[in-house]
Amino acid sequence: MEYRKLGRSDLKVSTICMGCWAIAGGRLWGEQDEQEAIAALHTAVEAGVNFFDTAEAYGSGDSEALLGKAFKTMRDKVIIATKVSQNNMHPTDLRVACEGSLARLQTDYIDVYYLHWPSREVPFEETMAEMLRLKEEGKIRYVGCSNFGTQDLQDLLDITHVEVNQLAYSLLFRAIEYEILPLCRKHDVSVAPYSPLLHGILTGKFETLADIPDGRARTRHFSAEKHSLVRHGGPGAEAETAAAMSRIREICDQAGLPMARIALAWVLAQPGIATVIAGARNPEQIRANAAAAELTLSKDLLQALDEATRPLKEALGPNADMWEDDENTRIH
């Protein structure tokens, strides 16, 4: 396992971060056996993963509680990141939310505390003042942000430095490459991509767009007319997505490697990426994700993947919100 520095902090995080939303189970993910979830968390540590990503919103706190149970006796071996929800950005609410996360995690400090989405109600100055107070008290070690575009990130950096920005990024969704990733690199803000496999579409499980169920076909890649859960209301970029998927499959077959492993390794090969957040619900899945950290892609393979997905990148443009159109984007 490779470890990279997070922003300007003294944290060295594993290049594979275990995303812990799915282990909360629930309506979106389906039933989850608690012992299997804890086994996955322990297996991750055995595989060299030291970075774990959760949020107070994941399973209404159930995800944090699972981490608390799993890591109670090995807290010093793991780096835990959690997120405060958008509706808890007022200083009073933020402090209550932080205390709740600490209690569920069964710890007295959070390594990285993210603002989950930018608030349009509470000024960043107020939120960050409380964040810095929590940091001074030792309740959080470092501050991060999630889903912050160039405008919001710059506004935040004008107040204080943040170590990491969590954003959607994958072979099939490269919007952050236009403006956000360069700004992060300029200011030593690491990027931690989520949805690196685009809801499982880059696992190779689905051969065509028609095979992808509505529950996964919710992003701007898909047509609102064909898929009931699409929010953007437009035609999507289905032709470009289908062409990219087909070409990626060919490249992976020629390389003789699993698509998911190549997709994760591609993200890790991009400048400015500290770690990639990959969800897992059982030990087998986390072992497969960890294997991607050992894979170094050749220049020819990287170029082939770039060329295969560039038309889709251009079709979707610089809007970093995977779900909303340019007019309604939540990422500014």
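Residues numbered from 1 in each chain as written. Predicted model: local features only at pLDDT ≥ 70, side-chain atom pairs only at ≥ 80, totals over all residues. Heavy atoms only, no water.

Engineer: Quick question: what am I supposed to make of the pairing of strand β5 (residues 79-84) here?
Structural biologist: Looking down a regular strand, the side chains alternate between one sheet face and the other. Across the 6 residues of β5, 6 count as buried, placing the element largely inside the fold. Neither face of β5 is left uncovered, since the one carrying I79, A81 and K83 and the one carrying I80, T82 and V84 both have all their residues buried. Pairing of strand β4 (residues 51-53) with β5, which is carried by 3 bridges, proceeds in the parallel orientation. Note on β5: the bridge partner recorded for D53 is A81. Following the chain from β4 across helix α2 (residues 62-71) to the adjacent parallel β5, one finds a crossover that is right-handed. The pairing of β5 with strand β6 (residues 110-115) spans 4 bridges and is parallel. The residue bridging A81 from the neighbouring strand is V112, located in β6. Between β5 and its parallel partner β6, the chain crosses via helix α3 (residues 91-105), and the hand of that crossover is right-handed. (Buried < 20%, exposed > 50% of the residue type's maximum accessible area, 1.4 Å probe, protein only. Helix = DSSP H or I, 4+ residues; strand = E, 2+ residues; numbered from the N terminus. Pairing = 2+ DSSP bridges. Right-handed = clockwise from strand over helix to strand, strands pointing away.)

Engineer: I'm lost on the packing of helix α1 (residues 34-46) against helix α9 (residues 283-291) in this one. Help?
Structural biologist: To characterise two packed helices, one gives the angle between the axes of the helices and the distance between these axes. One way to put it is that α1 packs onto α9 with a least axis distance of 8 Å and a crossing angle of 25°. Between α1 and α9, the interaxial angle falls into the category roughly parallel. The element α1 and its partner α9 pack so that their crossing is right-handed. Contacts from E36, A39, A40, T43 and A44 of α1 reach α9 at P283, I286 and R287. Taken together, the residues that form the contact of α1 with α9 break down as 5 nonpolar, 1 polar and 2 charged. (Axes fitted to C-alpha atoms, helices over the stretch in contact; angles between N-to-C directions. Parallel < 35°, antiparallel > 145°, perpendicular 65-115°, else oblique. Left-handed = near helix turned anticlockwise from the far one by under 90°. Contact = heavy atoms within 4.5 Å. Nonpolar A, V, L, I, M, F, W, Y, C, P; charged D, E, K, R; others polar.)

Engineer: What should I look at first to understand the pattern of salt bridges in this one?
Structural biologist: Close approach of charged atoms allows side chains of opposite charge to pair. Under the criterion given, the structure shown has 20 salt bridges. One salt bridge in this structure joins D53 and K83, with 2.7 Å as the shortest N-O distance. With a gap of 30 residues between them, D53 in strand β4 and K83 in strand β5 connect regions that are remote in the sequence. A salt bridge links K139 to E99, with the nearest nitrogen and oxygen atoms 3.2 Å apart. Residue K139 is located in the loop between α4 (124-136) and β7 (140-146), and its partner E99 is located in helix α3; the two are separated by 40 residues in the primary sequence. (Salt bridge = Lys/Arg side-chain N within 4 Å of Asp/Glu carboxyl O.)

Engineer: Can you help me understand the side chain of E56 in this one?
Structural biologist: Examined against the element boundaries, E56 turns out to sit in the loop between β4 and α2. As a buried residue without a salt bridge, E56 has its nearest oppositely charged side chain in R104, at a separation of 4.3 Å. A distance of 2.7 Å separates a polar side-chain atom of E56 from the backbone nitrogen of S85. Among all residues touching E56, those that are not within four sequence positions of it are G61, E64, T82, K83, V84, S85, N88, A97, S101 and R104. (Lys, Arg positive; Asp, Glu negative; His and termini not counted. Polar contact = N/O pair within 3.5 Å; in protein donor to acceptor, adjacent residues only side chain to side chain.)

Engineer: Any chance you could explain the sheet that holds strand β10 (residues 276-279) here in plain terms?
Structural biologist: Backbone hydrogen bonds are what pair the strands of a sheet, in a parallel or an antiparallel way. Strand order in the open sheet formed by 8 strands is β9-β8-β7-β6-β5-β4-β3-β10, with parallel pairing between adjacent strands. In this open sheet, the two edge strands, each paired with only one partner strand, are β9 (190-194) and β10. For this sheet, the mean angle separating the axes of adjacent strands, direction not counted, is 30°. On the sheet, helix α8 (residues 259-268) packs against β3 (16-19), β9 and β10 and is oriented at approximately 155° with respect to β10.

Engineer: Can you walk me through the nonpolar core in this structure?
Structural biologist: One broad trend across soluble globular proteins is that nonpolar side chains are buried collectively. Counting residues in hydrophobic clusters, the biggest one holds 115 residues, and the most contacted among them are M18 and F52. A total of 9 residues in this core trace back to one element, the largest contributor, which is α8. Setting aside residues up to four positions removed in sequence, M18 forms contacts with I23, A40, L41, A44, V49, F51, F52, D53, A278, A280 and I286. (Core = buried A, V, L, I, M, F, W, Y, C linked by side-chain atoms within 4.5 Å.)

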